[in-house]
Amino acid sequence: MDQAYMGMEDVSGSNIKLRRLVETSEDNSIDDEVSQTVQCETTGLGLPGSEFVKKSYCRAAVILLGLLCLFLLIGLITVVFLFTQGKSQWEMETEIIHELYDNVTSERNQLQTSYNILTTKQDQLQTSYNNLVKERDQLQKRLEDLTTNRDDLQRKLQYCQENWVAFSDSLYHVSSKQKSWEESRRDCLKKGSDLMIINSREEQNFVNQFKKHLWIGLTDSETEGTWKWLNGTQMTTSYWNSGEPNGGRTENCGQIKAYDSQNSWNDAPCSNQHFWICEKRVSQ
Ligand code: 2F8
Ligand code: CA
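Quick look at the structure, then.

Reading guide: rules and limits
Residues numbered from 1 in each chain as written. Chains lettered and ligands numbered in written order. Predicted model: local features only at pLDDT ≥ 70, side-chain atom pairs only at ≥ 80, totals over all residues. Helix = DSSP H or I, 4+ residues; strand = E, 2+ residues; numbered from the N terminus. Buried ≥ 20, exposed ≤ 12 C-beta atoms within 10 Å, placed from the backbone. Contact = placed C-beta atoms within 7 Å. Near = placed C-beta within 6 Å. Nonpolar A, V, L, I, M, F, W, Y, C, P; charged D, E, K, R; others polar. Arc of directions from axis to C-beta. Pairing = 2+ DSSP bridges.

**With respect to the overall build of the protein chain**
- Helix and strand counts for the protein chain stand at six helices and eight strands.
- The order of α-helices and β-strands along the protein chain, N terminus first, is α-α-α-α-β-β-α-β-α-β-β-β-β-β.
- Looking at the protein chain residue by residue over its 284 residues, the buried ones come to 16%.
- Sequence-distant contacts in the protein chain: of pairs separated by 6 or more residues, those separated by 24 or more amount to 56%.

What follows is the structure, given as structure tokens:
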């Protein structure tokens, strides 16, 4: 291109000026050339020899400008398209997110309601459970009491069948034979009982009803004059018949004798043969 200019005739000062311009811009870009071409056209300078070059140069500049505009337009359209696409995508996603948010909120509210209902039910169940536990414990206690009562009754029934008589918390058995005080006691022990111990006026009245001379569990064999029951307790309340005890060292065992009297006790020789009465406690 430079050589083409160099081979041309310098007809006017303008062409010389143009050639200088071209020479000084040996390595310049196409944009510079376009700039020069435009300058040429606007000034209206040039000779017929350089007209062709000038026109070609200007046409190339116009084409480049057109291409540039086209690229810019395509770029702009692409940007607008992408922006529009992006916007509608964003709107769609926003709408979906709103819907999701509404759904999640609704589900959360439903879950909250369910949770409240379940909490109420759980409280009710807890109360029911507590009541049932209380009731179960009461029933358990009642069952234990009833079992104890049943066992007592069964034992009483068994003893009744064996000629035992129930009174208060004890069973009593009156012998049909007569033995010494010691042998009588041995028989009671074999039956799981011992000679009768009298603890109250009621019991005293009860034993009188048999209207028999009966050995009871009272003795002063250990210490003369100190009467003790067979369970080891000291005799405190007594129901001696009038004038008794009177046997001293010869009469060391207690018996029911004057049964028609409220105070029916007598002290008698332990070796004497008498009927006897055994007592067995059924509770406590
Ligand atoms: O009840 C009075 C008296 O009766 C008898 O003696 C006569 C008794 N003796 C015997 O049973 C051996 C006395 O103990 C009693 O005090
Ligand atoms: Ca006596």
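Structure shown, so let's carry the discussion forward.
**Focus: the site of ligand 1**
- Close to ligand 1 lie Glu-244, Asn-246, Gly-247, Glu-251, Asn-266, Asp-267, Ala-268, Pro-269 and Asn-272.
- In terms of residue class, the shell around ligand 1 is made up of two nonpolar, four polar and three charged.

**Concerning helix H5 (residues 181–190)**
- Listed as buried for H5 are Trp-181, Ser-184, Arg-185 and Cys-188. Down the axis of H5, the buried set is contained in an arc of 100°. They therefore lie on one face. Seen from the open side of H5, the exposed residues pointing more than 90 degrees away from its buried face are Arg-186 and Lys-190.
- Within two residues after H5, Gly-192 carries a phi angle of roughly 75°, on the positive side.

**Considering the environment of Arg-249**
- Mapped onto the fold, Arg-249 is located in the loop between strand S5 (226–229) and strand S6 (253–256).
- Along the primary structure Arg-249 and Thr-223 are separated by 26 residues, whereas in three dimensions their C-alpha atoms are 9.4 Å apart.

**Here we look at the pairing of strand S2 (residues 170–174)**
- Counting buried positions along S2 gives four out of five residues, so the element sits mostly inside the fold.
- Direction of pairing for strand S1 (residues 165–167) relative to S2: antiparallel, over a ladder of three bridges. Its bridge partner lying in S2, Val-165 is registered against Tyr-172.
- Here S1 hands over to S2 after two residues, with Ser-168 in that stretch at a positive phi of 55°.
- Here S2 runs beside strand S8 (residues 275–281); their pairing, made up of five bridges, is antiparallel. Counted as the bridge partner of Tyr-172 is Glu-279 from S8.

**What to know about unusual backbone geometry**
- Residue Pro-245 is bonded to the preceding Glu-244 through a cis peptide linkage, with omega at -10°.
- As for its position among the elements, Pro-245 is in the loop between S5 and S6.
- The backbone phi angle of Asn-163 is positive, close to 65°, even though this residue is not glycine.
- You can see Asn-163 is positioned in the loop between helix H4 (48–161) and S1.
- Although it is not a glycine, Lys-211 adopts a positive phi angle of roughly 50°.
- Structurally, Lys-211 can be placed in the loop between helix H6 (201–208) and strand S4 (214–223).
- Using a count of 11 C-beta atoms within 10 Å as the deciding quantity, one classes Lys-211 as exposed.

**Some details on the pairing of S5**
- Taking every second residue as pointing to the same face, the buried face of S5 carries Trp-227 and Trp-229, while none of Thr-226 and Lys-228 on the other face is buried.
- Of the strand pairs in this sheet, S4 and S5 are connected by three bridges, and their pairing is antiparallel. Among the inter-strand pairings, Thr-219 is bridged to a residue of S5, identified as Lys-228.
- Counting the residues that bridge the hairpin from S4 to S5 gives two residues, and of these Gly-225 lies at a positive phi of roughly 90°.

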